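Architecture and fold: a report
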Amino acid sequence: MFQKAKKAALRALVVPACLATLSLTAMAGNTYTSYDTTVGRFNGNGYSGTQTKETSGANGRIKSTSVGGGYSVDVRMQKSNGSASGGWYRNLKSSTDTDYSVDGHVDQKHGDSVRLQFSNDLTTSVDVQVTGTWISQ
């Protein structure tokens, strides 16, 4: 009898926790999240954390808070494994009140893990710190 009560109590705790986790994951593509990364010099790259794609192929949005040293960087959205990249948004700069569209890709499907890839110009001789928020949609 004690075992049945113990199992029921465990289920009462585990099931809601799992459901809460699943709902947070599903919402990630519809919530702006922060990024803060260093983009390597001489055409180097930097990456945001990942989000779960909510709408297949949809464009994302980015709000650039800071691009260090007065530089500009390029940015695109891609699957977290580096495949299915959208087109580059060129010359992203600091802007506190504007959000920009970042191209999606037809192979970025609902439920896929996606990220932002940032890139410096070939002639940029310093690492550049970038911060802001983004949403994959």
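Residues numbered from 1 in each chain as written. Predicted model: local features only at pLDDT ≥ 70, side-chain atom pairs only at ≥ 80, totals over all residues. Heavy atoms only, no water.

1. Observations regarding unusual backbone geometry
With phi around 70°, Asn 43 is a residue other than glycine that occupies positive phi space. Looking at the element boundaries, Asn 43 is found in the loop between strand S1 (33–39) and strand S2 (45–47). Here Asn 91, not a glycine, exhibits a phi torsion of approximately 60°, which is positive. The topology assignment puts Asn 91 in strand S6 (residues 89–92). (Helix = DSSP H or I, 4+ residues; strand = E, 2+ residues; numbered from the N terminus.)

2. Considering the side chain of Gln 117
When you line up the elements, Gln 117 lands in strand S8 (residues 113–119). According to the relative accessible area criterion, Gln 117 is buried, its value standing at 6%. Reaching out from Gln 117, the side chain makes a polar contact with the side chain of Asn 45 at a distance of 3.0 Å. Among the polar contacts made by the side chain of Gln 117, one reaches the side chain of Gln 78 at a distance of 3.0 Å. Setting aside chain neighbours within four positions, we find Gln 117 in contact with Asn 45, Gly 46, Tyr 47, Asp 74, Val 75, Arg 76, Gln 78 and Trp 88. (Buried < 20%, exposed > 50% of the residue type's maximum accessible area, 1.4 Å probe, protein only. Polar contact = N/O pair within 3.5 Å; in protein donor to acceptor, adjacent residues only side chain to side chain. Contact = heavy atoms within 4.5 Å.)

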